[in-house]
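Structure at a glance
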Amino acid sequence: METSSSTNRRRFLATAGLVGLGVTAAAPKQAVASRVEPMSKRWNELAESIDVLVVGGGPAGIGAALGAARKGAKTLLIENHAFFGGVGAWCLGMPINQVRPGGKPRSQVHELLIERLAAYGDQAVRFGDHQLWCNVEYLKVAVLDALDQVGCKYLVDTRAVDSAVEENRVVGVVVATKQGLATIRARTVVDCTGDADVAFFAGAETMKESGSLSPITLCLNLTHVTQEQVRRAKIGEIAKRARSKYPLIPPDWGLGTVSHSHSFYINHAGTRNLGQFDATDPVERSEAECLSRRQIVQMSQAMREFGGEELKEIELIGAGPQMGVRETRRVKGMYVLTEQDALDGRKFDDVIAWRSGFLDIGFVRFQQMKIHDVPYRAILPEKLDGLLVAGRCISATHVAAAAGKSMGNCMATGHAAGVAAAIAAARKRLPRDLAVREVQDALRGDGVDLTRGGESQEGLTDRG
């Protein structure tokens, strides 16, 4: 396992002239000032006096933003893409798992998003035992509806490029915008970037399993084929016949229907057989993105040429705006969740969420586990103040991270982090100084059952 911090990063940014606006670095002020336009009045009104800043608008960030805003905190959610939803949106219809385990509501925050989706009808969403299949265009708007309903402010096309740190406390983030760099300050910050960007930029210790990272996948959509044709087609045999002509295709894949049932998505093994790619390394990420673009074209061609009569007319109609990344950095927290915690269904006195589904190291290992608690200590960086983390970058080992990456679980840890951040802001206290019981009581008030740890999932057969 590799651990790291951002010591050298600031030196690089200073040399490149990319740090400024209140962040501690050696960039000449005049060099930065010449490139940064004054921010607009509307920006200043939006970004002033923020209680809770949530960075990253995937399932964890959505949960954090809704959770914080519902508690009355002035909350701002920022996202570097042009829409919210994260992997739930850019993976083009794959199920959003573990949002209703056993078909039962998980929290008022989860249900708020589900209600906004369901308001658009069957075209928007269909329900499974624990998951949602969404038309992602409706999902993107339903997230906006939910944020508006709770009074949460938001910005898209706003990328966090550094953290503002004062006396070992994260006090905001530096963002890149079309008007240049700007600093957004907040009483409490929640890192929901998936890659622990805010924590890493701030110098927190992070963990990463170089050499055994889960594979990266670029999802794709296809049409001009029926469900009956897909059932008859021998998808599992296509790769064997087509590999000599199309060497980038994965060993196998399946076609799943999105909510409206007239097109299909493929979530596959991606880069598993193409090498190890670290999505936090700029060069490796670029390689993986470009290889993945070639890969989905080869997969589509392979189905047309080697899929027989059933698939000869199948058409590629879209691919995600970026790859789906299963694993990169995780924050080293005050407690590190382990594989055994997941297998045993461990409970903790400071529980603030729970994770259900399967221990699933994408297309590498798939194993039954028990519902297990997430302690408050696992969303607190070990040595850095003013920051909470949520989603797939919480404090966990390589295997334990795979036990909780389902989107409903990420939304749950986000919900908990958002509630804790709102309480910390209201009390003018650091997150690590909160009474965990107050956070737990607030979560129970939001409909979270904190007694689920230890439950068996023997009857669960659908992928988590």
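Structure's up top.
Below, the structure is looked at part by part. Only a predicted model underlies this, so the values are computations on that prediction, with no experimental measurement involved.

**Focus on the overall build of the protein**
- Across its full length, the protein holds 16 helices and 20 strands.
- With respect to the principal axes defined by its C-alpha atoms, the protein has extents near 65 × 50 × 45 Å.
- The 464 residues of the protein split such that 59% are buried.
- When contacts within the protein are restricted to residue pairs at least 6 apart in sequence, those whose partners lie at least 24 apart make up 75%.
- Surface summary for the protein: the accessible area is close to 18700 Å², and the carbon and sulfur share equals 49%.
- Taken as two groups, the 57 positive and 53 negative side-chain charges of the protein have centres that lie 1 Å from each other.

**Digging into the packing of aromatic side chains**
- Counted according to the given criterion, the structure contains five aromatic pairs.
- Seen in terms of ring centroids, Phe84 and Tyr154 are 5.7 Å apart; in terms of plane orientation they differ by 85 degrees. Their pairing is edge-to-face. Pair noted here: Phe84 is in the loop between β3 (75-78) and α5 (87-90) and Tyr154 is in strand β6 (residues 153-155), with a separation of 70 residues, a long-range link.
- On the basis of relative accessibility, which here comes to 26%, the residue Tyr154 falls in the partly exposed class.
- Positioned above the aromatic ring of Trp354 is the side chain of Arg106, whose terminal nitrogen or guanidinium carbon lies 3.9 Å from the ring centre.

**So, the sheet that holds strand β13 (residues 264-266)**
- On the basis of which strands lie adjacent, the open sheet formed by four strands has the order β12-β13-β11-β14 and antiparallel pairing. Unpaired on one side and paired on the other, β12 (256-257) and β14 (315-319) mark the two borders of the sheet.
- In this structure, β12 lies alongside β13, joined through two bridges in antiparallel fashion. When the bridges of β13 are listed, Thr257 appears paired with Phe264.
- Sheet contacts for helix α11 (residues 282-306): β11 (220-223), β13 and β14; angle to β14, the most-contacted strand, approximately 160 degrees.

**Some thoughts on empty space enclosed by the protein**
- Under the definition given, this model contains three cavities of 30 Å³ or more.
- Counted as a void, the largest cavity has a volume near 90 Å³.
- What lines the largest cavity is a set of 13 residues, and nearest its centre among them are Pro59, Ile62, Ile96, Leu113 and Met411.
- Broken down by secondary-structure element, the contributors of at least two residues to the lining of the largest cavity are α4 (59-70), α6 (108-118), α7 (136-150) and α15 (407-427).
- Considering each element in turn, the lining of the largest cavity owes the most residues, three residues, to α15.
- Residue composition of the lining of the largest cavity, by class: eleven nonpolar, two polar and no charged.

**With respect to the packing of α4 against α15**
- One way to put it is that α4 packs onto α15 with a least axis distance of 6 Å and a crossing angle of 35 degrees. The two elements α4 and α15 meet at a crossing, and its hand is right-handed. Across the interface between the two elements, Pro59, Ala60, Ile62, Gly63, Ala64, Leu66, Gly67 and Ala68 from α4 touch Met407, Cys410, Met411, Gly414, His415, Gly418, Val419 and Ala422 from α15.
- A breakdown of the residues in the contact of α4 with α15 according to their chemical character gives eleven nonpolar, five polar and no charged.

**Quick notes on the pairing of strand β9 (residues 180-191)**
- In terms of burial, β9 is largely enclosed, as nine of its twelve residues are buried.
- Note: strand β2 (residues 50-55) against β9, five bridges, orientation parallel. If you follow Val54 over to β9, its bridge partner there is Val190.
- Bridge count for strand β8 (residues 169-177) against β9 is six bridges, and the pairing is antiparallel. By the bridge assignment, Thr177 is partnered in β9 with Gly180.
- Counting the residues in the hairpin turn of β8 and β9 gives two residues.
- Of the pairings in the sheet, the one linking β9 to strand β20 (residues 387-389) comprises three bridges and is parallel in character. Among the inter-strand pairings, Val189 is bridged to a residue of β20, identified as Leu387.

**Looking at the layout of surface pockets**
- Size it by volume and the second largest pocket reaches roughly 220 Å³.
- Contributing to the lining of the second largest pocket are 16 residues, with Gln98, Pro101, Gly102, Gln457 and Leu460 lying nearest its centre.
- Looking at side-chain class alone, the lining of the second largest pocket contains three nonpolar, eight polar and five charged residues.

**A word on α4**
- Given a rise of 1.5 Å per residue, twelve residues ought to cover 16 Å, and the 16 Å separating the end C-alpha atoms of α4 matches this to within 8%.
- Judged by how many residues are buried, α4 sits mostly within the fold: eleven of twelve residues are covered.
- Among all positions of α4, only Pro59, Ala60, Gly61, Ile62, Gly63, Ala64, Ala65, Leu66, Gly67, Ala68 and Ala69 are buried.
- Structurally, α4 contributes buried residues whose contacts are with β2, β3, α6, α7, β9 and α15.
- Residue Gly72 follows α4 closely and has a positive phi angle near 90 degrees.

**Focus on helix α16 (residues 436-445)**
- Along α16, the positions that sit buried rather than exposed are Val439, Gln440, Ala442 and Leu443. The buried residues of α16 all sit within an arc of 160 degrees when viewed along its axis, so they share a single face.
- Buried residues belonging to α16 abut β16 (351-355) and α15.
- Just downstream of α16 lies Gly447, where phi reads positive at about 85 degrees.

Criteria and cut-off values
Residues numbered from 1 in each chain as written. Predicted model: local features only at pLDDT ≥ 70, side-chain atom pairs only at ≥ 80, totals over all residues. Heavy atoms only, no water. Helix = DSSP H or I, 4+ residues; strand = E, 2+ residues; numbered from the N terminus. Buried < 20%, exposed > 50% of the residue type's maximum accessible area, 1.4 Å probe, protein only. Contact = heavy atoms within 4.5 Å. Areas by Shrake-Rupley, 256 points an atom, 1.4 Å probe, with all protein chains shown as cover. Lys, Arg positive; Asp, Glu negative; His and termini not counted. Charge placed at Lys NZ, Arg CZ, Asp CG, Glu CD. Phe/Tyr/Trp six-rings, centres within 6.5 Å; stacked < 30°, edge-to-face > 60°. Lys NZ or Arg CZ within 6 Å of the ring centre and 35° of its normal. Pairing = 2+ DSSP bridges. Axes fitted to C-alpha atoms, helices over the stretch in contact; angles between N-to-C directions. 1 Å grid on protein atoms, 1.4 Å probe; cavity = no way out; pocket = protein on both sides within 12 Å on 5 of 7 lines; lining within 4 Å. Points joined across faces, edges and corners; volume = space filled by probe spheres on them. Nonpolar A, V, L, I, M, F, W, Y, C, P; charged D, E, K, R; others polar. Left-handed = near helix turned anticlockwise from the far one by under 90°. Expected span 1.5 Å × (residues − 1). Arc of directions from axis to C-beta.

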